[in-house]
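The lines below spell out each chain.
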Amino acid sequence: MTARLAANAAPVACAHCGAAVQPPALFCCGGCEAAHALVAGLHLDAFYRRRSAPDGALRPDPTPPVTLATAAEAEAGDVWRLELMLTGLHCGACVWLVEQALAAEPDVLSARAALTTRRLTLRWRGPRDRAEAFASLLGRLGFRAVPFTPACLRAADDVETRMLARSLGIAAFGAMNVMLVSVAVWVGGDMGEQTRALMHWLAALIGLPTIAVAGLPFYRSALSALRARRLNMDVAISIGVLATGAMSLSETFRNGRFTWFDGATTLLALLLAGRLLDRMARGRAGRAMAELLALQEGVVRRLNAAGQAEEVPVAAIRPGDLVMLGAGERLRLDATLLAAPGLFDLSATTGESLPRAIAAGVAVAAGAVNMGRAMVLRVTAAAADGSLAAIGRLLEHAAQARGKFVTFADRAASLYVPVVLLVAGATFLGWWLGMGLPWQAALVPAVGALIVTCPCGLAIAVPAVQVVTVGALFRRGVLVASPTALERLAEVDHVVFDKTGTLTSGRHELHPGAWTASDLRAAAALARASRHPLARGLVAACAAVPLRLDVEEHPGEGLEAGGARLGRAAFCGMVDSTDQPTLWFTRPGRQPVAFRFSDALRPDAVAAVAALRALGLSLEIVSGDTQGAVAAAAKAVGIADITAGAMPQAKAARIAALRAAGRRPLMVGDGINDAGALGLAYAAVAAPGAQDLAQGAADLVLRTEALMALPEAIRAARRAQALARQNIAMSLVYNVIAVPAAVLGMLTPLVAAAVMASSSLAVILNALRAERMGAAWTR
Amino acid sequence: MDALIILVPAALVLGLLGLGGFLWALRSGQYEDLDGAASRILFDDPPPPKEPKP
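Because the structure is a prediction, the values reported are computed rather than measured.

Participant: Would you mind going over the overall build of chain B in detail, with residue names and values included?
Facilitator: Along chain B, the regular secondary structure elements total two helices and zero strands. Every one of the 54 residues in chain B was classed for burial, and the buried ones make up 20%. Per element, the accessible surface of chain B, about 4200 Å² overall, is 71% carbon and sulfur.

Participant: Pulling in residues and values, what's your account of the sheet that holds strand E18 (residues 494-497) of chain A?
Facilitator: What the seven strands build is an open sheet, ordered E17-E29-E28-E27-E18-E25-E26 (chain A); its pairing is mixed. Of all strands in the sheet, those with a lone pairing partner are strand E17 (478-480) and strand E26 (642-643) of chain A, marking the two edges.

Participant: Let's hear about the UniProt feature "transmembrane region" (unreviewed entry) in chain A: which residues, and what values?
Facilitator: Residue and element names in this part refer to chain A. Look at the UniProt record and you will see "transmembrane region" (unreviewed entry) annotated at residues 168-187, 199-219, 231-248, 260-277, 412-434, 446-474 and 728-744. Taken end to end, residues 199-219 is 95% helix and 0% strand, and its first and last C-alpha atoms sit 28 Å apart. Span residues 412-434 is 100% helix and 0% strand, its end C-alpha atoms 31 Å apart.

Participant: So what's going on with helix H14 (residues 439-453) of chain A? Residues and values would help.
Facilitator: For H14(A), with 15 residues, the first-to-last C-alpha span of 21 Å sits near the 21 Å given by 1.5 Å per residue. In terms of residue burial, H14(A) counts as a mostly covered element, since 13 of its 15 residues are buried.

Participant: Give a description of the interface of chain B and chain A that names residues and reports values.
Facilitator: It is common to report an interface's size as the accessible area lost on association of the parts. The interface of chain B with chain A comprises 25 residues on the first partner and 34 residues on the second. For the pair chain B and chain A, the summed buried surface comes to about 2500 Å²; carbon and sulfur atoms form 66% of the total. Here chain B and chain A share zero salt bridges between them. Counting across the interface, chain B meets chain A through zero residue pairs in polar contact (both at pLDDT 80 or more). When contributions to the side of chain B that touches chain A are tallied by element, the ones reaching two or more residues are helix H1 (3-27) and helix H2 (34-40) of chain B. Looking at the side of chain B that touches chain A, the element that brings in the most residues is H1(B), giving 10 residues. Of the residues belonging to the side of chain B that touches chain A, the class tally is 15 nonpolar, three polar and seven charged.

Participant: So what's going on with the side chain of Arg196(A)? Which residues, and what values?
Facilitator: Among the structural elements, Arg196(A) can be located in helix H8 (residues 193-214). Within the structure, the side chain of Arg196(A) is placed 3.3 Å from the backbone oxygen of Gly256(A), a separation counted as a polar contact.

Participant: Quick one: what's the story with the environment of Ala442(A), residue by residue and with numbers?
Facilitator: Residue and element names in this part refer to chain A. Counting through the fold element by element, Ala442 comes out in helix H14. Measuring from C-alpha to C-alpha, the distance between Ala442 and Trp432 comes to 5.3 Å, with 10 residues separating the pair along the chain. In this view, Ala442 contacts Phe428, Trp431, Trp432 and Leu437; residues no more than four positions away in its chain are not counted.

Participant: Break down the packing of aromatic side chains for me, citing the residues and quoting the values.
Facilitator: Per the counting criterion, the structure on display carries six aromatic pairs over all chains. Consider the rings of Phe585(A) and Phe595(A), whose centres lie 6.5 Å apart with planes at 40 degrees: the pair is tilted. Taken as a pair, Phe585(A) in strand E23 (residues 582-586) and Phe595(A) in strand E24 (residues 593-601) lie far apart in primary sequence, 10 residues in all. Each of the two residues, Phe585(A) as well as Phe595(A), counts as buried. Here Phe22(B) and Tyr31(B) contribute two aromatic rings whose centre-to-centre distance is 5.6 Å and whose plane-to-plane angle is 70 degrees, an arrangement assigned as edge-to-face. Grouped by ring-pair contacts, the aromatic residues Trp515(A), Phe585(A) and Phe595(A) constitute a single cluster.

Rules behind the numbers
- Residues numbered from 1 in each chain as written.
- Chains lettered and ligands numbered in written order.
- Predicted model: local features only at pLDDT ≥ 70, side-chain atom pairs only at ≥ 80, totals over all residues.
- Heavy atoms only, no water.
- Helix = DSSP H or I, 4+ residues; strand = E, 2+ residues; numbered from the N terminus.
- Buried < 20%, exposed > 50% of the residue type's maximum accessible area, 1.4 Å probe, protein only.
- Areas by Shrake-Rupley, 256 points an atom, 1.4 Å probe, with all protein chains shown as cover.
- Pairing = 2+ DSSP bridges.
- UniProt positions renumbered as here; feature names shortened; annotations may be inferred.
- Expected span 1.5 Å × (residues − 1).
- Contact = heavy atoms within 4.5 Å.
- Buried area = accessible area lost by both parts, 1.4 Å probe.
- Salt bridge = Lys/Arg side-chain N within 4 Å of Asp/Glu carboxyl O.
- Polar contact = N/O pair within 3.5 Å; in protein donor to acceptor, adjacent residues only side chain to side chain.
- Nonpolar A, V, L, I, M, F, W, Y, C, P; charged D, E, K, R; others polar.
- Phe/Tyr/Trp six-rings, centres within 6.5 Å; stacked < 30°, edge-to-face > 60°.

Here's what the structure looks like:
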C-alpha cells in the first residue's frame, strides 16, 4: 500500500485522514484505522492516491448518528429514497469513495453525491431501517450524514441562480446573433437600402425577444424598487435597455442608418454574467451556512404513555410532554426538571462559563446542555411559543430593519438616474424642437446618451468587487451571509465582544500551582469520570491516566472515590476566598490541594484584539459571566471597557444605546443570549462554533477556529468598499467623455460598443485587485 | 447576396440548436454540481464486483 511505504520519516501522515502522527503508528486514532481497513476491504484504496481533503478532515467522529430511517421516502413498493447532507465531502475522491462504498452494498440501487451541495441521494430496495446501516458505514469512513433540512434544500435548489443562468444563455445567444447582422451593417457601406432593411428586421427579430425575456430579472427588480418609491441600479438598466429596444424598432421601421439591438443585448449578457457570478459566490456561502445549521438540527426523545422513548421532531412536542435528555445533549425546548438535581451548561443562554446545578422543579431555558446523567424533563412550552421562538421573532424584526439599508451603489443610482434621464430628455427636445429634426431621428442621440451612460461599468463595478471579496473570504473560512454585509462591516467604528465562546474557547486551562505531578495524576483519574468543564480541563493537563471505575459523581458538587474528593470548596470541606474557578482535591491523610483554572482564551484572541485596535476601532466586552472571569479575560486581551453579568436584554440594550448615540457597533457573539444584540447591531459576526440562532442573526459567520479572521474580514470589507468607489468614479469618467459625444449625435453603435466594453473591462480588472490583497493576509 | 437566404437561416438554426442544448442541460440539472463534475471525469474505474449474497 502506497501510504504504508511512505511511512519512514517523522512525523508521518495518518494513512486515512492525513493528520500528522508519530511513527511507528500509521493512524492517528482507532476510527481512522477501522476506516482504512474498511476502504481496503472494499478494494477502494485508489481513494488515497486521489484524496485532496485537508489533513484531519476525514477523522471518523464518534458522535452518535441521528436517526435517518424516518427521513427516507417511499418511492415505489419497497424502494426507498433518502436525501442526506454529508459533511466531510471535500474533494472528488471523497465523492468517489462514498459512491463506490455504497454501491458495493448489495441492495443499493443508486448512490449519487454532489460535491457542490454536499448532497447524497441514495436509493435502495429493502427495509427502511437499512438507512441506519448506510449512515453508520458513512460514519466509519469519516463522513457524517444528516437529513437534508429545508434550509439546505433552499440553499441547494437555487431557483434564482437557474433563472439567471437561463437568461444569460438567451442573452448571449441573442447578442452573438444580432452582432452577426450588425457587423454586416457596420462594414457594408455599399449595402443597398433593401438589404439594410432586411438586416434591420433580422436584428429586430432576434433582438426584441431577447430583450423581452433575458431582461426579466432586471425588470422585476426595477419594478419592486419603483413600487417602494426608490431608484436603484436596475431601474437605470431597465430604462436604458427598453428605450434602446424601442428606438431601434423605430429606426427599423424608417430604415435608419443603424439599429442598436446589438448594444442592448450585449449589455444584458454582460450584466447577467456579473450577476450570476455574484449569486454563485453568495450561494456557496449560503450552502456552507445551511450545512452548519443542519448539523445542529436534531430530534427529541419523547416518553410515551408506556414509558418508552420515541424520537420525534421538535415541532411535535406539546407542553406537558416528558422528554429524555441524554448526557451531553442540548435541550431544545423550555422545560422543568422532574426529579434529581441536574447539572447544566448554560453558556449558550446566559454566558456563564461554568455549569450550574439546577434543583428539581426549576425551569431550564432551551439551549442548555446537560452535563450530568441522562434525565427526564417536563416541557413547559411548545417550540413555537418557547424562548427560542421569541428570540426568533425579535430577530425577524431586526432583519427587516436591516433590509432597509441602502447600498452605496443604490445611493449612487438614485442620484445618477434622474441626471441621465434629464440629459436624455434635453437631448431629445433639443434635436427635435431646437434643430427641427423629425422626432424619430431626434430619438437616436437621446437614447444613445441613455445607453452609453447605461451603467455597464456602474452595475458591474460593485458586484465585481463583491464577488472577488466574498470568494476570498470564503476560502479563509468567513461566510458572508447578507448582500449588504461587507458594506456595513466596512463602516463599523466600535466592536462589542461576548466573552464565553467568543474571546474564549469555552475550555478551561489549568494554572500552575502548589501541587505535584502525582497529585495531578490522582485527581485526573477521578476527573475522567465527569464531563464538567473543569474536570475536562484537568484531564487535558494530564491525559495519560486510566479511569477509576469506583467514582461517584455528585452533580454540581464534585466527585468521590474511596475517600478522595474532587470538587468545589464546600464539597471538600474547604473555604475558598477567590472567585477564580477552582477544583479542590482532598485525600485522607494528605494535604488538600487546589487546582485553579481560567477560561482559556482563543489562541489568537490577543493578536485579533490588537489588530482590531490597529484598525481604529474601540472595543468593549459585554458578558453574562461573573465579574472576576470577565475582568481576567479583559485584562489578558487588553480591553478596558467591560460589563459583566449582563442578561440577554442588557446586551441588546447596550447595542441599542450605542446606535442611539450615533455609533456603528459591530457585535461579535456565539450564544443564544447574544442573538438579540447581534440582530440589533449595525453589523454582526457569529464566532466560530456559534449556536444556530446566533448564526441566523449574523451577517458574517466565522467557520475556522481563528478569531484573527475578523480583523482580516474588516480589512477586506474596507478595501472592497474603496475599490467599489474607485470603480464607480472610473465609470463616471468614461461618461464625461462619452455623453457629450452622444448628445451631439456623434456616437455610432460601434463606438458605443467599444466604450462600454472598455469601461467594463477596466472596472473588472480593478476589482480583481481585491484578490491580490487576499494573498497579503496569509503571510 | 442570394447566399444570405441560406446562410442567415442556417446560422440562426445552428445557434438555436446550441441554445436549446444549453437550456436542456440546465433543466436536467447538469449545472448543479460543477465542482463534482470536474473531478468525476477522472474516475473511470468500473464499480467493484458486488459480493455474492451468502
